[in-house]
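Listed below are the residues making up each chain.
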Amino acid sequence: MNIVETEANQFSKRLFRGGKTNTLENLKSKITMKLYDFNRDRDKLDFLKILRVNSIADKEKHMKTCSGCGYDKEIDIGIFAIDQEIDDINRFYTFEPKSDDEFSVEQESELHNKLNNILEKLEKQGFGQQIIFEEIEDLKNHFNLGKKNWFQLLKGKVVDLTLKKVLDKTIVQEIYNQLSDGFEQVVKMIE
């Protein structure tokens, strides 16, 4: 368990305790003050997500023996405050992969061309459905995810196209192999 997880678990035990009724203002203030302990947005998001999960679990546990004390409503208010903080951070948070995981301009260009070639081949073979076009175009817009996450996204999309029976498994395997050519090291990490 890392430091963020430890802090979130300890804080979640104290968040709804305190004797006085927890209003939105009160809970939001407690959460905001605690977030000042973290500089990185990623740590703040991890903290809030753990806090949210713990709050929901606490509510479920409490509801098994509750006789209408109103504690569940306090937790709902707390979850609302947590969700607001998550939304606020997500507005400005952008994922930045580690430098060795970033695509070079040449790699992006090469993959872009491969995606265009795949679209052309699929259209010639009679697979010109809109869903295929949208999925492949979407891949072109996510090179900022880094190599590992991009190939995981690719894998998810091609599996999804197979499950929806839009493409045959052999065609999907061919697409995946063509795109992963030259990125074997990254592909090995996600398999």
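Please read these numbers as outputs of a predicted model, since none were measured by experiment.

1. Quick look at the pattern of salt bridges
No. 1: Per the stated rule, a full pass over the model turns up twelve salt bridges.
No. 2: For D43, the salt bridge identified is with R40, shortest N-O distance 2.9 Å.
No. 3: Ionic pairing is found between K114 and E110, a salt bridge with its closest N-O pair at 3.3 Å. Of this pair, K114 and E110 both sit in helix 5 (residues 105–124), separated by four residues, roughly a single helical turn.
No. 4: A network of salt bridges, in which partner residues are shared, links E7, K34 and D37.

2. Some details on the packing of helix 5 against helix 6 (residues 130–140)
The angle between the axes and the distance between the axes are what describe a pair of packed helices.
No. 1: Contact geometry of helix 5 with helix 6 gives a least axis separation of 10 Å together with a crossing angle of 175°. The pairing of helix 5 with helix 6 is recorded here as roughly antiparallel in orientation. Residues H112, L115, N116, I118, L119 and L122 of helix 5 form the contact with helix 6, whose participating residues are I132, F133, I136, E137, L139 and K140.

3. Quick word on helix 1 (residues 3–15)
No. 1: For helix 1, built from 13 residues, the straight-helix expectation of 18 Å at 1.5 Å per residue is met to within 8% by its first-to-last C-alpha distance of 18 Å.
No. 2: Within helix 1, the full set of buried residues consists of V4, A8, F11, S12 and L15. All buried residues of helix 1 fall inside an arc of 105° around its axis, so they share one side. Every exposed residue of helix 1 that faces more than 90 degrees away from the buried side is listed here: I3 and K13.
No. 3: Turning to helix 1, the residues buried within the fold contact helix 2 (24–35) and helix 3 (41–63).

4. What to know about the packing of helix 1 against helix 3
No. 1: Running from N to C, helix 1 and helix 3 cross one another at 45°; their axes reach a closest spacing of 9 Å. The orientation of helix 1 relative to helix 3 falls into the category oblique. Remark: the crossing between helix 1 and helix 3 carries right-handed chirality. Every residue of helix 3 that contacts helix 1 at V4, E5, E7, A8, N9, F11, S12 and L15 is listed here: D43, D46, F47, I50, L51 and N54.
No. 2: Its residues placed into classes, the contact of helix 1 with helix 3 shows seven nonpolar, three polar and four charged.

5. Some remarks on the packing of aromatic side chains
Two descriptors summarise a pair of aromatic rings, namely the distance from one centre to the other and the angle between the planes of the rings.
No. 1: Tallied over the full model, the rule gives eight aromatic pairs.
No. 2: Taken together, a centroid distance of 5.5 Å and an interplanar angle of 80° make the contact between F103 and F143 edge-to-face. On the criterion of sequence distance, the pair formed by F103 in the loop between helix 4 (71–92) and helix 5 and F143 in the loop between helix 6 and helix 7 (147–163) is long-range, its members being 40 residues apart. The burial state of F103 is the same as that of F143; both residues are buried.
No. 3: Judged by centre distance (5.1 Å) and plane angle (85°), the ring pair of W150 and F151 falls under edge-to-face. Assigned by exposure class, W150 and F151 land together as buried.
No. 4: What links up through ring pairs into an aromatic cluster is the set F103, F143, W150 and F151.

Definitions and cut-offs
Residues numbered from 1 in each chain as written. Predicted model: local features only at pLDDT ≥ 70, side-chain atom pairs only at ≥ 80, totals over all residues. Heavy atoms only, no water. Salt bridge = Lys/Arg side-chain N within 4 Å of Asp/Glu carboxyl O. Helix = DSSP H or I, 4+ residues; strand = E, 2+ residues; numbered from the N terminus. Axes fitted to C-alpha atoms, helices over the stretch in contact; angles between N-to-C directions. Parallel < 35°, antiparallel > 145°, perpendicular 65-115°, else oblique. Contact = heavy atoms within 4.5 Å. Expected span 1.5 Å × (residues − 1). Buried < 20%, exposed > 50% of the residue type's maximum accessible area, 1.4 Å probe, protein only. Arc of directions from axis to C-beta. Left-handed = near helix turned anticlockwise from the far one by under 90°. Nonpolar A, V, L, I, M, F, W, Y, C, P; charged D, E, K, R; others polar. Phe/Tyr/Trp six-rings, centres within 6.5 Å; stacked < 30°, edge-to-face > 60°.

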